[in-house]
Amino acid sequence: MKFLAPSILSADFTKLADDLNKTIEGGADWIHCDVMDGIFVPNISFGPMIVAAVNRITGLTKDVHLMIKNPDALIPEFAKAGADYITVHQEEVVHLHRTLSLIKSCGAKAGIAINPATPFSTLTDIAEYADLILVMTVNPGFGGQSFISSCLKKIEQAADFREKNNLNYLIEVDGGITSMNIKEVSDAGCDVFVAGSSVFSSGNIIESTKTLKNLI
Ligand code: DX5
Ligand code: ZN
(Lines give C-alpha, C1' and ligand atoms only; values in the text may rest on other atoms or scores of the structure.)
(Ligands and ions follow the chains in the order given, each with its own letter.)
Protein backbone atom coordinates (compact mmCIF):
# COMPACT_ATOMS: atom_id res chain seq x y z
CA MET A 1 0.00 0.00 0.00
CA LYS A 2 1.37 3.43 -0.98
CA PHE A 3 0.29 6.71 0.63
CA LEU A 4 0.55 10.30 -0.61
CA ALA A 5 1.11 12.76 2.25
CA PRO A 6 0.78 16.41 1.18
CA SER A 7 2.73 18.75 3.48
CA ILE A 8 0.74 21.74 4.73
CA LEU A 9 3.98 23.76 4.95
CA SER A 10 3.28 24.92 1.39
CA ALA A 11 -0.47 25.45 1.88
CA ASP A 12 -2.07 28.88 2.07
CA PHE A 13 -2.72 29.33 5.80
CA THR A 14 -5.38 31.97 5.13
CA LYS A 15 -7.47 29.14 3.69
CA LEU A 16 -6.01 25.99 5.15
CA ALA A 17 -9.32 24.09 5.19
CA ASP A 18 -9.98 24.87 1.49
CA ASP A 19 -6.48 23.76 0.47
CA LEU A 20 -6.74 20.59 2.54
CA ASN A 21 -10.16 19.73 1.19
CA LYS A 22 -8.84 20.14 -2.36
CA THR A 23 -5.91 17.80 -1.82
CA ILE A 24 -8.25 15.32 -0.12
CA GLU A 25 -10.54 15.52 -3.16
CA GLY A 26 -7.50 14.79 -5.32
CA GLY A 27 -6.76 11.62 -3.34
CA ALA A 28 -4.42 12.58 -0.48
CA ASP A 29 -4.03 9.71 1.99
CA TRP A 30 -2.21 11.35 4.91
CA ILE A 31 -1.57 14.96 5.93
CA HIS A 32 2.07 15.77 6.71
CA CYS A 33 2.68 18.48 9.33
CA ASP A 34 6.19 19.99 9.42
CA VAL A 35 7.04 21.38 12.84
CA MET A 36 10.13 23.65 12.94
CA ASP A 37 11.59 25.52 15.88
CA GLY A 38 14.20 27.85 14.35
CA ILE A 39 16.96 25.98 16.23
CA PHE A 40 17.18 22.43 14.90
CA VAL A 41 16.37 23.91 11.49
CA PRO A 42 16.73 27.52 10.32
CA ASN A 43 12.99 28.18 10.05
CA ILE A 44 9.92 28.33 12.31
CA SER A 45 6.59 26.89 11.25
CA PHE A 46 3.86 25.92 13.74
CA GLY A 47 3.06 23.84 16.80
CA PRO A 48 0.31 21.61 18.23
CA MET A 49 -2.42 24.24 17.71
CA ILE A 50 -2.23 23.86 13.92
CA VAL A 51 -2.11 20.06 14.17
CA ALA A 52 -5.30 20.26 16.25
CA ALA A 53 -6.85 22.49 13.56
CA VAL A 54 -5.92 19.94 10.87
CA ASN A 55 -7.50 17.27 13.05
CA ARG A 56 -10.74 19.24 13.10
CA ILE A 57 -10.66 19.59 9.30
CA THR A 58 -9.96 15.94 8.45
CA GLY A 59 -9.95 12.46 9.90
CA LEU A 60 -7.07 11.44 7.61
CA THR A 61 -3.83 10.25 9.24
CA LYS A 62 -1.92 13.21 10.72
CA ASP A 63 1.79 12.63 10.13
CA VAL A 64 3.78 14.99 12.37
CA HIS A 65 7.45 15.57 11.49
CA LEU A 66 9.26 17.19 14.42
CA MET A 67 12.27 19.23 13.31
CA ILE A 68 12.84 20.59 16.82
CA LYS A 69 15.29 20.43 19.70
CA ASN A 70 14.27 18.29 22.67
CA PRO A 71 11.13 16.78 21.09
CA ASP A 72 10.35 14.73 24.23
CA ALA A 73 9.04 17.87 25.93
CA LEU A 74 6.31 18.36 23.31
CA ILE A 75 5.45 14.83 22.17
CA PRO A 76 2.48 14.52 24.59
CA GLU A 77 1.05 17.82 23.29
CA PHE A 78 1.27 16.70 19.67
CA ALA A 79 -0.35 13.37 20.53
CA LYS A 80 -3.19 15.21 22.29
CA ALA A 81 -3.58 17.45 19.22
CA GLY A 82 -4.39 14.35 17.15
CA ALA A 83 -1.05 13.22 15.69
CA ASP A 84 -1.25 9.63 14.45
CA TYR A 85 2.45 9.37 13.57
CA ILE A 86 5.14 11.39 15.35
CA THR A 87 8.60 11.37 13.78
CA VAL A 88 11.78 12.61 15.46
CA HIS A 89 15.25 13.14 14.03
CA GLN A 90 18.07 10.67 14.65
CA GLU A 91 20.50 13.62 14.65
CA GLU A 92 18.73 15.29 17.59
CA VAL A 93 17.58 12.45 19.84
CA VAL A 94 20.29 10.79 21.92
CA HIS A 95 18.06 8.15 23.52
CA LEU A 96 15.99 7.08 20.54
CA HIS A 97 14.63 3.96 22.19
CA ARG A 98 13.29 6.05 25.08
CA THR A 99 11.75 8.62 22.77
CA LEU A 100 10.06 6.02 20.54
CA SER A 101 8.63 4.43 23.70
CA LEU A 102 7.35 7.83 24.84
CA ILE A 103 5.60 8.40 21.50
CA LYS A 104 3.94 4.98 21.69
CA SER A 105 2.92 5.50 25.31
CA CYS A 106 1.09 8.64 24.16
CA GLY A 107 -0.91 6.51 21.71
CA ALA A 108 0.83 7.51 18.46
CA LYS A 109 2.99 5.57 16.02
CA ALA A 110 6.70 6.34 16.18
CA GLY A 111 8.97 7.41 13.33
CA ILE A 112 12.66 8.24 12.93
CA ALA A 113 13.95 10.68 10.29
CA ILE A 114 17.46 10.88 8.84
CA ASN A 115 18.95 13.93 7.13
CA PRO A 116 20.68 13.63 3.75
CA ALA A 117 24.11 13.46 5.48
CA THR A 118 23.08 10.68 7.88
CA PRO A 119 23.62 7.09 6.72
CA PHE A 120 20.89 4.45 7.03
CA SER A 121 23.38 2.32 9.00
CA THR A 122 22.80 4.59 12.05
CA LEU A 123 19.34 2.98 12.36
CA THR A 124 20.12 -0.72 12.25
CA ASP A 125 19.90 -1.22 16.04
CA ILE A 126 16.72 0.82 16.47
CA ALA A 127 14.74 0.08 13.29
CA GLU A 128 12.85 -2.81 14.88
CA TYR A 129 11.22 -0.34 17.31
CA ALA A 130 10.13 2.12 14.60
CA ASP A 131 6.76 2.20 12.86
CA LEU A 132 8.17 4.49 10.18
CA ILE A 133 11.55 5.52 8.79
CA LEU A 134 11.69 8.89 7.07
CA VAL A 135 14.44 9.42 4.51
CA MET A 136 14.97 13.15 3.98
CA THR A 137 15.84 14.01 0.38
CA VAL A 138 16.46 17.71 1.12
CA ASN A 139 18.11 19.38 4.10
CA PRO A 140 15.14 20.02 6.38
CA GLY A 141 13.90 23.55 6.96
CA PHE A 142 12.14 24.74 3.83
CA GLY A 143 9.70 23.63 1.18
CA GLY A 144 10.49 23.93 -2.50
CA GLN A 145 14.10 22.67 -2.45
CA SER A 146 15.61 20.31 -5.02
CA PHE A 147 15.62 16.55 -4.52
CA ILE A 148 19.07 15.16 -3.58
CA SER A 149 19.22 12.02 -5.68
CA SER A 150 22.17 10.47 -3.81
CA CYS A 151 19.63 9.76 -1.00
CA LEU A 152 17.78 7.25 -3.19
CA LYS A 153 20.14 4.46 -2.12
CA LYS A 154 18.94 4.86 1.49
CA ILE A 155 15.39 4.03 0.44
CA GLU A 156 16.68 0.80 -1.06
CA GLN A 157 18.79 0.09 2.03
CA ALA A 158 15.78 0.64 4.30
CA ALA A 159 13.67 -1.68 2.14
CA ASP A 160 16.37 -4.40 2.02
CA PHE A 161 16.97 -4.20 5.77
CA ARG A 162 13.24 -4.48 6.45
CA GLU A 163 12.92 -7.55 4.26
CA LYS A 164 16.03 -9.33 5.58
CA ASN A 165 15.02 -8.75 9.19
CA ASN A 166 11.32 -9.38 8.74
CA LEU A 167 10.40 -5.90 10.03
CA ASN A 168 7.34 -3.86 9.10
CA TYR A 169 8.12 -0.14 9.37
CA LEU A 170 6.87 2.11 6.60
CA ILE A 171 9.46 3.95 4.49
CA GLU A 172 8.66 7.62 3.96
CA VAL A 173 10.48 10.05 1.67
CA ASP A 174 10.35 13.82 2.17
CA GLY A 175 11.76 16.68 0.13
CA GLY A 176 11.74 17.75 -3.50
CA ILE A 177 9.23 15.15 -4.68
CA THR A 178 7.63 16.08 -8.01
CA SER A 179 5.83 14.31 -10.84
CA MET A 180 9.26 13.99 -12.50
CA ASN A 181 10.87 11.87 -9.76
CA ILE A 182 8.06 10.27 -7.74
CA LYS A 183 8.04 7.10 -9.85
CA GLU A 184 11.75 6.56 -9.25
CA VAL A 185 11.20 7.08 -5.49
CA SER A 186 8.37 4.57 -5.59
CA ASP A 187 10.46 2.01 -7.47
CA ALA A 188 13.22 2.38 -4.85
CA GLY A 189 10.78 1.12 -2.20
CA CYS A 190 9.03 4.18 -0.73
CA ASP A 191 5.63 3.67 0.93
CA VAL A 192 4.74 7.24 2.03
CA PHE A 193 5.44 10.20 -0.26
CA VAL A 194 5.56 13.70 1.23
CA ALA A 195 4.88 16.47 -1.28
CA GLY A 196 4.61 20.14 -0.38
CA SER A 197 5.21 22.62 -3.17
CA SER A 198 4.37 20.15 -5.95
CA VAL A 199 0.85 19.88 -4.47
CA PHE A 200 0.08 23.31 -3.00
CA SER A 201 2.09 25.68 -5.21
CA SER A 202 1.05 24.13 -8.50
CA GLY A 203 -1.94 26.36 -9.26
CA ASN A 204 -4.32 23.39 -9.25
CA ILE A 205 -4.21 21.41 -6.01
CA ILE A 206 -6.77 18.78 -7.01
CA GLU A 207 -5.07 18.00 -10.34
CA SER A 208 -1.53 17.96 -8.96
CA THR A 209 -2.60 15.61 -6.16
CA LYS A 210 -4.24 13.29 -8.69
CA THR A 211 -1.16 13.35 -10.92
CA LEU A 212 1.18 12.39 -8.07
CA LYS A 213 -1.21 9.69 -6.81
CA ASN A 214 -1.41 8.12 -10.24
CA LEU A 215 2.37 7.84 -10.45
CA ILE A 216 2.98 5.94 -7.18
C1 DX5 B 1 11.30 20.12 4.71
C2 DX5 B 1 10.01 19.47 5.14
C3 DX5 B 1 9.21 18.94 4.02
C4 DX5 B 1 8.72 19.99 3.06
C5 DX5 B 1 8.65 19.34 1.73
O6 DX5 B 1 12.02 20.46 5.83
O7 DX5 B 1 10.26 18.38 6.03
O8 DX5 B 1 8.13 18.13 4.46
O9 DX5 B 1 7.45 20.51 3.38
O10 DX5 B 1 8.39 20.31 0.80
P11 DX5 B 1 8.70 20.07 -0.74
O12 DX5 B 1 7.83 18.91 -1.18
O13 DX5 B 1 8.29 21.36 -1.37
O14 DX5 B 1 10.15 19.77 -0.86
ZN1 ZN C 1 8.54 16.92 6.52
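The notes below deal with the structure included here. (Residues numbered from 1 in each chain as written. Chains lettered and ligands numbered in written order. Predicted model: local features only at pLDDT ≥ 70, side-chain atom pairs only at ≥ 80, totals over all residues. Heavy atoms only, no water.)

Some thoughts on the pattern of salt bridges
Inspection of the entire model under this criterion finds seven salt bridges. With a shortest N-O distance of 2.9 Å, Asp-29 and Lys-213 are connected by a salt bridge. With Asp-29 in the loop between α1 (16–26) and β2 (30–36) and Lys-213 in helix α8 (residues 205–215), this residue pair connects regions lying 184 residues apart in the sequence. Of the residues examined, Lys-213 reaches a relative accessible area of 26% and is grouped as partly exposed. Where Lys-69 meets Glu-92, a salt bridge forms, and the shortest distance between an N and an O atom there is 3.3 Å. Taken together, the residues span a long stretch of sequence, with Lys-69 in the loop between β3 (61–67) and α3 (75–80) and Glu-92 in the loop between β4 (85–89) and α4 (96–105) at a distance of 23 residues. Taking the relative accessible area as the measure of exposure, Lys-69 reaches 42% and is therefore partly exposed. (Salt bridge = Lys/Arg side-chain N within 4 Å of Asp/Glu carboxyl O. Helix = DSSP H or I, 4+ residues; strand = E, 2+ residues; numbered from the N terminus. Buried < 20%, exposed > 50% of the residue type's maximum accessible area, 1.4 Å probe, protein only.)

As for the sheet that holds strand β8 (residues 192–195)
Spatially, eight strands are ordered β1-β8-β7-β6-β5-β4-β3-β2 in an open sheet, and the strand pairing comes out parallel. This sheet does not close on itself; its edge strands, each paired only once, are β1 (3–6) and β2. Adjacent strand axes in the sheet meet at a mean angle of 25°, parallel and antiparallel pairs treated alike. Those strands touched by α4 are β4 and β5 (109–114), and its axis lies near 140° from that of β5. (Pairing = 2+ DSSP bridges. Axes fitted to C-alpha atoms, helices over the stretch in contact; angles between N-to-C directions. Contact = heavy atoms within 4.5 Å.)

Quick look at the coordination of the zinc ion (ligand 2)
When four donors bind a metal tetrahedrally, each ideal donor-metal-donor angle is 109.5 degrees, and when six bind octahedrally, the ideal angles are 90 or 180 degrees. Those donors, His-32 (NE2), Asp-34 (OD), His-65 (ND1) and Asp-174 (OD), are the protein atoms that reach the zinc ion (ligand 2), and they lie 2.0 to 2.3 Å from it. In the primary sequence, the donor residues of the zinc ion (ligand 2) line up as H-x1-D-x30-H-x108-D. Note that Asp-34 is positioned in strand β2 and Asp-174 in strand β7 (residues 170–174), a separation of 140 residues in sequence. The residues Asp-34 and Asp-174 share a single accessibility class, namely buried. (Donors = N, O, S within 2.8 Å, 3.2 Å for Na, K, Ca; no water.)

Observations concerning the packing of aromatic side chains
Tallied over the entire structure, the rule returns four aromatic pairs. Measuring from ring centre to ring centre gives 6.0 Å for Phe-13 and Phe-46, while their planes differ by 45°; the resulting arrangement is tilted. Here Phe-13, found in the loop between β1 and α1, pairs with Phe-46, found in the loop between β2 and α2 (48–57); they are 33 residues apart in sequence, far enough to count as distant. Its relative accessible area of 11% is what places Phe-46 among the buried residues. Aromatic side chains Trp-30 and Tyr-85 sit 4.6 Å apart centroid to centroid with 25° between the ring planes, which places their arrangement in the stacked category. (Phe/Tyr/Trp six-rings, centres within 6.5 Å; stacked < 30°, edge-to-face > 60°.)

A closer look at the site of ligand 1
Close to ligand 1 lie 20 residues, the nearest being Asp-34, Gly-141, Gly-144, Asp-174 and Ser-197. One of the side-chain N or O atoms of Ser-7 is found 3.0 Å from an oxygen atom in ligand 1. Between ligand 1 and Gly-144 there is a distance of 2.8 Å, counted from an oxygen atom to a backbone nitrogen or oxygen. Calculation on ligand 1 without its partners gives an accessible area of 390 Å², and the protein chains cover 100% of this total. Contributions of two or more residues to the shell around ligand 1 are made by β2, β3 and β8. For the shell around ligand 1, the leading source of residues is β2, giving three residues. (Near = heavy atom within 4 Å. Polar contact = N/O pair within 3.5 Å; in protein donor to acceptor, adjacent residues only side chain to side chain. Areas by Shrake-Rupley, 256 points an atom, 1.4 Å probe, with all protein chains shown as cover.)

Structural notes on the state of the cysteines
Tallied over the entire structure, the rule returns zero disulfides. Cys-33 forms no disulfide, and the closest cysteine sulfur to it belongs to Cys-106, at a distance of 17 Å. We classify Cys-33 as buried; its relative accessible area is 0%. (Disulfide = S-S within 2.5 Å.)

Any functional reading would require information beyond the geometric quantities listed.
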